[in-house]
Amino acid sequence: MSFYRISNADKYRTAYQQSVEHPETFWSDIAGHFTWRKRWDKVLEWNFEQPDIKWFRNARLNITENCLDRHLADRGDQPAIIWEPNDPTQANRTITYRELHAQVCKFAHVLKNNGVGRADRVCIYMGMIPELAIAILACARIGAIHSVIFGGFSARSIADRVQDAGAEYVITADGAFRGGKVIELKSVVDDALEQCPFVKRVIVYSRTDTPVSMIQGRDVWWDDELENVHNAGYADFPAEEMDSEDPLFILYTSGSTGKPKGVVHSSGGYMVYATYSFVNVFQYNPGDVYFCTADIGWITGHSYIVYGPLCAGATTVLFEGVPTWPEADRFWEIVDKYKVNILYTAPTAIRSLMAHGTGPIEKHDLSSLKVLGTVGEPINEEAWQWYYENIGKGQCPIVDTWWQTETGGILISNLAGVTPHKPAHATLPLPGVQPILVDDKGNEITGNGVAGNLCIKFPWPSILRTTYGDHERCRQNYFATYPGLYFTGDGCLRDLEGNYRITGRVDDVLNVSGHRIGTAEVENAINMHSGVIESAVVGYPHDIKGQGIYAYVILDSHHHDEKLTRLDINQTVSRLIGPIAKPDQIQFVTGLPKTRSGKIMRRILRKIAEGETENLGDTSTLLDPTIVDEIKNGKL
Ligand code: WT7
């Protein structure tokens, strides 16, 4: 099987031009490399007003036939997944394409036996074990819509998502190993499901032997169910034939309002774009071993651990643990152990490993590496150089891949070894992607050496189709700010050579360790603490996390022990959202800078949190300008 492959700079230019001038031909050629039950009768129909976007109209397929079945003849015995357990002294697992196919088919039977059908929503809350990938693929095989919830989210966050998706089925594990800790997943799910009485079935995989409560009539063990399938003699599970536009999955992500939105991705377009971008950005070659360190609970794991690599017939490494346990050399140990050729990680991980010096690296042979990648947030030059010199030994191109949960795949990035990298720049759009910078009024900013808000003016196959259960919200959020354009929420520079450099969010969304967190969500959680009257949350530069969470909090008069109250607030946020949303700094204040109409002037709070004391801008419109001095003086 071959893929549409852009293998040198000339081809990049030609492909880009063709993708703009003849997008339908361009995408039809690429889509032709996949297995379809029935071809499309039209490549693209779209308008950004509704929005209404259809790729590969009336085409029929199942993505798992592309991830699994079609590899059986040529690479059935090649490893599809290499799984490295949390504890390096435990046995690892290698799962070939043939084995993965068999396991997905068996688990698809389990789902069917438990009542799951086409278009049903299934929430998945598991650690990084092969069964997570198997569960996802089995959902796709039977046409159910999976919604994976990252293992760091709280019971309350799970309940919100299960309710929003109307998911009657949940797949989880007793627990998950993460470094020295065991996360009690099933227990968290049990708390969540108290708010979700409509859930009919919970399938539980046993990973940690953590004691769990199994509710009669609702909860079943993964292994028991598999045994039933086995005893019934089932082997294959014919894939459901899906429409190209049938939803493949929902993934919740934070926005500028308090409630996360369920980003919906399609089957056909998502498959084509995830695979096309995987092959071209990383310049994947057959036989390469590829290691993406993300969690499958985020979009990076969906597109670039599971779907993209498997559709391309790659060998993808799945790592259960954390980079610093038992030692800070875990990534390098894995690279050495499996002779990893392509490593894809996040700036926050690079910065935290930088702090351990080069000692942990020197213990390992990293000479198998050919390509390095980063994703999730802007990478600072220092971290880029460190990654380039110490990990890539000055030999490996670094792809700085800019994209979002909503884009489904990488939109702006250099192509490894094909187009040049430039530290801290995502560089150029992939063929098929048409970025545009606009000012606050929506006027296009042309030319080079300019800055603006990043929008995309033409659809690509893996653009989100809607937000689950609320199409208007999707329109408002992404398509209404600048009519006729998809608005990313990011600020961006275009340098003199036309390279794009993402500067960060321009909305009230934070990017903490590469994870998106809405300020309103954190404020809502802080305000739930009984002693809190009001709060305002902003981001500030953080050495490791990129952005840290800074909270200004007004307490009622009953709370005197500030230290304990801080811990209580953190505990509250942890309970309501998850540990990832805990504020790094909590400053108690007696008031917030508000305009006469009651709007909090976040600009001022942001500047103070950043350590700026002088140029706070115009404060004359504030109801009480003296509060600014108080806040400045109390800065942590
Ligand atoms: C936001 C999307 C896409 C997977 C991980 C995050 C920021 C992402 C880069 C990059 C600068 C980046 C943007 C974007 N971002 N990649 N290479 N350079 N910023 O997915 O949670 O949907 O967040 O992450 O601000 O809007 P996400």
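Calculation criteria
Residues numbered from 1 in each chain as written. Predicted model: local features only at pLDDT ≥ 70, side-chain atom pairs only at ≥ 80, totals over all residues. Heavy atoms only, no water. Buried < 20%, exposed > 50% of the residue type's maximum accessible area, 1.4 Å probe, protein only. Helix = DSSP H or I, 4+ residues; strand = E, 2+ residues; numbered from the N terminus. Pairing = 2+ DSSP bridges. Axes fitted to C-alpha atoms, helices over the stretch in contact; angles between N-to-C directions. Contact = heavy atoms within 4.5 Å. Domains from an automatic or database assignment. Buried area = accessible area lost by both parts, 1.4 Å probe. Salt bridge = Lys/Arg side-chain N within 4 Å of Asp/Glu carboxyl O. Polar contact = N/O pair within 3.5 Å; in protein donor to acceptor, adjacent residues only side chain to side chain. Nonpolar A, V, L, I, M, F, W, Y, C, P; charged D, E, K, R; others polar.

Some remarks on the pairing of strand 24 (residues 486-494)
Among the nine residues that make up strand 24, eight are buried, leaving the element largely enclosed by the rest of the structure. As judged from the six bridges shared by strand 22 (residues 450-456) and strand 24, these two strands associate in the antiparallel manner. Of the residues in strand 24, the one forming a bridge with Asn453 is Gly491. Inspection of the sheet shows strand 24 paired to strand 25 (residues 500-505) by five bridges, in the antiparallel sense. Across the sheet, Cys492 pairs through a bridge with Ile502, a residue of strand 25.

Observations regarding the sheet that holds strand 20 (residues 398-401)
Across the sheet, which stays open at both edges, the seven strands sit in the order 5-4-17-16-18-19-20 with mixed pairing between neighbours. Each having just a single partner strand, strand 5 (93-96) and strand 20 make up the two edges of the open sheet. For this sheet the average axis-to-axis angle between neighbouring strands, irrespective of direction, equals 20°. Sheet topology places strand 4 (residues 79-84) next to strand 5; four bridges connect them, and they run antiparallel. Within strand 5, the position partnered with Pro79 by the bridge is Thr96. Of the strands in this sheet, strand 16 (289-292), strand 18 (342-345), strand 19 (371-375) and strand 20 touch helix 10 (residues 268-282), which is tilted by about 145° from strand 20.

What to know about the domain arrangement of the chain
For the chain, the assigned domains read domain 1 (66-240) and domain 2 (509-633). On a C-alpha basis, the centroid separation for the pair domain 1 and domain 2 is 38 Å. Summed over both partners, the interface of domain 1 with domain 2 buries about 530 Å², with 54% contributed by carbon and sulfur atoms. Broken down residue by residue, the surface that domain 1 buries against domain 2 is led by Gly152, Ser154 and Arg156, which jointly contribute 57%. Summed over the shared surface of domain 1 and domain 2, the number is zero salt bridges. Joining domain 1 to domain 2, the criterion identifies five residue pairs in polar contact (both at pLDDT 80 or more). Within the side of domain 1 that touches domain 2, the residues separate by chemical class into two nonpolar, three polar and one charged.

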